[in-house]
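Residue-level listing of the chains:
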Amino acid sequence: STPWNVVMAAGPTSQSVRMQQQGGSEGEGPQVPTPFSGGSAVVDAHLVYPGDALDHLIAHAASSCLKGHGVAAVRSKAAGENDNATSESLVATTLGVLEVVNRLVSVRPLHARYSPQVGDVVVGRVMAISGRRWQIDIGARRDASMQLSAVTLPDGERRRRTRDDQNAMRAAFAEGDLVCCEVQAAHRDGGVALHARGTRYGKLAGGATVYVHPSVLKRSRHPFCELDADLGIGCVVGYNGVVWCGRLPNLQDVAPADDGDDDDDDDDAGGVGGDDNDEPRGDDMEVEEAKSTPAERRALAEGVARAAASVDVLRRLGLPVHPQAVIATRKLADEVNADLRAMADASFARLVLEREAERRNPNADDDDNM
């Protein structure tokens, strides 16, 4: 078979997985160059299928290893004179990437649900309102909950929530609304607590939503980015795999197009807190959009569609999705004067790949000229 290289995203907090196969007959699986020696981190990983034996991939004996997720122990009769003797071997129970940390052996699934972490900015949809909390679907194992006390009041006043506030919960977020919030706590039983304090969080009105796999999302300190300052169009990259493109009410507070990922240390960088509550909310943006002219609404719709198309190109190519990549793709479309139809074409995707290859290997042209 033809030698191949596969580079796939290994999750938001893990390193990328690199598998290489050199030669081999048709139908064989990936060749294993060396067994795992075990350590604090795994750099080279291997794709395993359900039922694959893992003993030849680890350096320790199967009986001395700890079995993590996606790994099971199978006992079989040992070859020898004693008929009662048995041996233990480890097999994979799910399709994924093998990980060995010290003596802990586990398989990380390639397609798994979003695993919330404290501080993650997520985009979810309100499913129900019960008691003093909203039930929000963020793509995790269980619906997340957001307490009434975890939401900034419309007037920005800091006080205890009353019965009137509880009766007016649907005025803030109703069933079916798309909201941007942050993970406040993640419990062991799968429960997730959210909050929407600050001017950056709240209802997302209008816009376009692009769903990507959470494993291809690259974590950034600026999940909000500016795409078109004239139209006020921005992008919210939710770590749960939901990317929303639309008109952000507080675009002046998001990361500018040329901003880096490690030059902002203020409290509002993570979206927590914020005492400025005079910014327009999602409902105010809807009223302002209704007052605009048809030409302005047409330009806004086209700008949102171009922003969503930039994210969709990255999704189709399997490239890491983060604010800077979305900004670069949008700038490339403007440079080549690509319209919406051209952005969906394979030729534009080829340009994006070439630009990404140049960014990752800037010395390639110099090496070719030597």
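Refer to the preceding data block for the structure.
Residues numbered from 1 in each chain as written. Predicted model: local features only at pLDDT ≥ 70, side-chain atom pairs only at ≥ 80, totals over all residues. Heavy atoms only, no water.

Trainee: I would appreciate a short explanation of the sheet that holds strand β16 (residues 224-228) in the present structure.
Mentor: A sheet is described by the order of its strands in space; here four strands give the open sequence β15-β18-β17-β16, paired in antiparallel fashion. What marks the edges here is a single partner per strand, and that holds for β15 (208-211) and β16. With direction set aside, neighbouring strand axes in the sheet form an average angle of 20°. Here four bridges tie β16 to strand β17 (residues 233-237), and the two strands are oriented antiparallel to one another. The residue of β17 that forms the bridge with Asp228 is Ile233. (Pairing = 2+ DSSP bridges. Helix = DSSP H or I, 4+ residues; strand = E, 2+ residues; numbered from the N terminus. Axes fitted to C-alpha atoms, helices over the stretch in contact; angles between N-to-C directions.)

Trainee: Whenever I open this one, the environment of Gly131 confuses me. Can you help?
Mentor: Note on placement: Gly131 falls in the loop between β9 (121-130) and β10 (133-137). Sequence-wise, Gly131 and Leu148 are 17 residues apart; in three dimensions their C-alpha atoms are separated by 9.2 Å. In this structure, Gly131 is in contact with Gln166 and Met169, ignoring residues within four places of it in sequence. (Contact = heavy atoms within 4.5 Å.)

Trainee: Just checking my understanding: could you explain the packing of aromatic side chains for this structure?
Mentor: To describe a pair of aromatic rings, one takes the distance between the centres and the angle between the planes. For the structure shown, the criterion picks out two aromatic pairs. Aromatic pair Tyr201 and Phe224: ring centres 6.2 Å apart, planes at 45°, arrangement tilted. Residue Tyr201 is located in the loop between β13 (192-196) and β14 (202-203), and its partner Phe224 is located in strand β16; the two are separated by 23 residues in the primary sequence. In this pair, the class of Tyr201 matches that of Phe224, namely buried. For the cation-ring pair, Arg219 lies above Tyr239, with the distance from its terminal atom to the ring centre recorded as 4.9 Å. (Phe/Tyr/Trp six-rings, centres within 6.5 Å; stacked < 30°, edge-to-face > 60°. Buried < 20%, exposed > 50% of the residue type's maximum accessible area, 1.4 Å probe, protein only. Lys NZ or Arg CZ within 6 Å of the ring centre and 35° of its normal.)

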